[in-house]
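Observations on the model geometry
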Amino acid sequence: MKLRVGVVGLGPTWQSRHQPALAALSGRYEVRAVCDPVAHRAQQVAEEFHARPIDGFRALAFAEDIDAVLMLSGRWFGALPIHAACDAGKAVYCGASVEMQAEEASTLCDRVRRSGVAFMAELPFRLAPATIRLKELIATRLGEPRLMFCNERHVAQPCAEHSGPGGIKSGPPSHTRRLIEMVDWCRYVAASEPTSVQCATHPSTSGTEEHDYSLVTLEFEPDASAPGRPVLAQIACGGYVPSGWTEAAAFRRAADLQVVCERGIAFLDLPGSLVWFDEAGQHIESLQDERPLGEQLLMQFHRSVSSLVLRPSSLEDAFRAMGIVLAAQRSAKSGQRTDCR
């Protein structure tokens, strides 16, 4: 089955992830239409895939030759393309960062459920080879997680890359998008749900993001085997390094994820570096994917669309992580720990 798709918004990972994946999976995907606020960019990509540029996302969603919508940027459109796809009964692949409040997120989630369309949120950390191997080790050697430390330090987003509809560049993922992915990653590794969250933030002086650093502490439901000993996760996400200072961003960088388990400790760096310790000593693993991440994600979406069984887990995971980040933002404003159940 070849899936006929329309692309809405050319996001920050278009050239590195989505464009190569769509080209490699030409036997499974056919790009029929492209919609982007920058007209000449939409025209260029459309010509590359022998597709057509379309001015509006609703026109794209309701086109008869479109089976699914690939929403790769929400900077100008917000969540409106998802609503349009639901109205048109089209499947949705959401690789965009969509900023919204809790009530808006709940309304959108209900709308997708009622429509019955296949929906997949792009949660890439789950498919990283190091994450998959870590889950295997937790089940076989390391035991259940007790503490998790998730870290990301990146250069600040320059103003030129935060341009409006007349701009050309697509900047890096937003601070909120990064936090959503990190929260989901911790949920996935812990295989549990957070019950409360506490957050401290530092206001940004660059003007491109509201905050340049967030420190989020999640308290998870206690393990049934160890009541009274809840799992804790600490997430540190910072974009305080000035733009262009890439060496400073990488200097003495902490592991992307450190997990303290019942019988060992693991240090994970995306996508495929894993160092872990147990009673036998140190173990170093360097893992590689058979396919690039973008292809894996689109292959998973293709399976969800072609399957006769509706799989809502991706939808629930995405909106659950978004709700936790929104609760963290409330905690930062109030200065108090907030319930996020």
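Whatever comes next refers back to the structure up there.
The text that follows walks through the structure, step by step, so that each part is easy to find. All residue numbers here refer to positions counted from 1 along the written sequence of the relevant chain. Confidence filtering applies because this is a predicted model: local features only for residues at pLDDT of at least 70, side-chain atom pairs given and counted only at 80 or more, and all residues used for totals across whole chains, interfaces and linings. Derived side-chain values reflect all non-hydrogen atoms in the structure, with water molecules and hydrogen atoms excluded from consideration.

What follows concerns helix α2 (residues 39-48). If you check which residues of α2 are buried, you get Arg 41, Ala 42, Val 45 and Ala 46. Taken end-on, α2 shows its buried residues confined to a sector of 135°, consistent with a single buried face. Those residues of α2 that are exposed and angled more than 90 degrees off the buried face are Ala 39, Gln 44 and Glu 47. The contact criterion used is simple: two residues touch if any of their non-hydrogen atoms lie within 4.5 Å. Helix and strand assignments come from DSSP, with helices taken as H or I runs of at least 4 residues and strands as E runs of at least 2, each series counted from the N terminus. Close packing links the buried residues of α2 with α1 (14-24), β2 (29-35) and β3 (52-53). Exposure is judged per residue with a 1.4 Å probe applied to protein chains only, and the accessible area is read against the type maximum: over 50% gives exposed, under 20% gives buried, and values in between give partly exposed. This arc corresponds to the set of directions leading from the helix axis out to the C-beta atoms.

The strand order across the open sheet formed by six strands is β3-β2-β1-β4-β5-β6, and the pairing between neighbours is parallel. The sheet is open, and its two edges are formed by β3 and β6 (119-121), each paired on a single side. We treat two strands as partners when DSSP finds at least two bridges between them. Here β2 pairs with β3 via two bridges, running parallel. Looking across to β3, one finds that Val 34 is bridged to Pro 53. Every angle, taken between N-to-C directions, lies between 0 and 180 degrees, and every axis is a line fitted to C-alpha atoms, over only the stretch in contact when it is a helix. Those strands touched by helix α9 (residues 293-306) are β1 (3-8), β2, β4 (68-71), β5 (91-94) and β6, and its axis lies near 160° from that of β5.

All right, on to the sheet that holds strand β9 (residues 211-220) then. Judged by pairing direction, the sheet is mixed, and its nine strands sit side by side in the order β14-β13-β12-β11-β7-β10-β9-β8-β15 without closing on themselves. Looking along the sheet, the strands with just one partner apiece sit at the ends: β14 (281-286) and β15 (338-339). Looking at chain direction, strand β12 (residues 265-269) and strand β13 (residues 273-278) are connected through five bridges and run antiparallel. When the sheet's bridge partners are listed, Asp 269 is paired in β13 with Ser 273.

Turning to helix α4 (residues 80-88), a few remarks are in order. Every α-helical turn comprises 3.6 residues, leaving residues that sit three or four positions apart pointing alike. Buried within α4 we find Pro 81, Ile 82, Ala 84, Ala 85 and Cys 86. Contact partners of the buried residues in α4: β1, α3 (57-61), β4, β5, α5 (102-115) and β6.

This part covers the packing of helix α6 (residues 129-142) against helix α7 (residues 175-190). In the contact formed by α6 and α7, the axes pass within 10 Å of each other and the chain directions differ by 30°. For the element pair α6 / α7, the angle class is roughly parallel. The segment α6 lies against α7, with Thr 131, Leu 134, Lys 135 and Ile 138 engaging Trp 185, Tyr 188 and Val 189. Between 65 and 115 degrees an angle is taken as roughly perpendicular, under 35 as roughly parallel, over 145 as roughly antiparallel, and anywhere else as oblique.

Now for the pairing of strand β10 (residues 232-241). Most of β10 is tucked away: seven of the 10 residues are buried. In this structure, strand β7 (residues 145-155) lies alongside β10, joined through eight bridges in parallel fashion. When the sheet's bridge partners are listed, Met 148 is paired in β10 with Ala 233. Bridge count between β9 and β10: seven bridges; the pairing is antiparallel. The residue of β10 that forms the bridge with Glu 219 is Leu 232.

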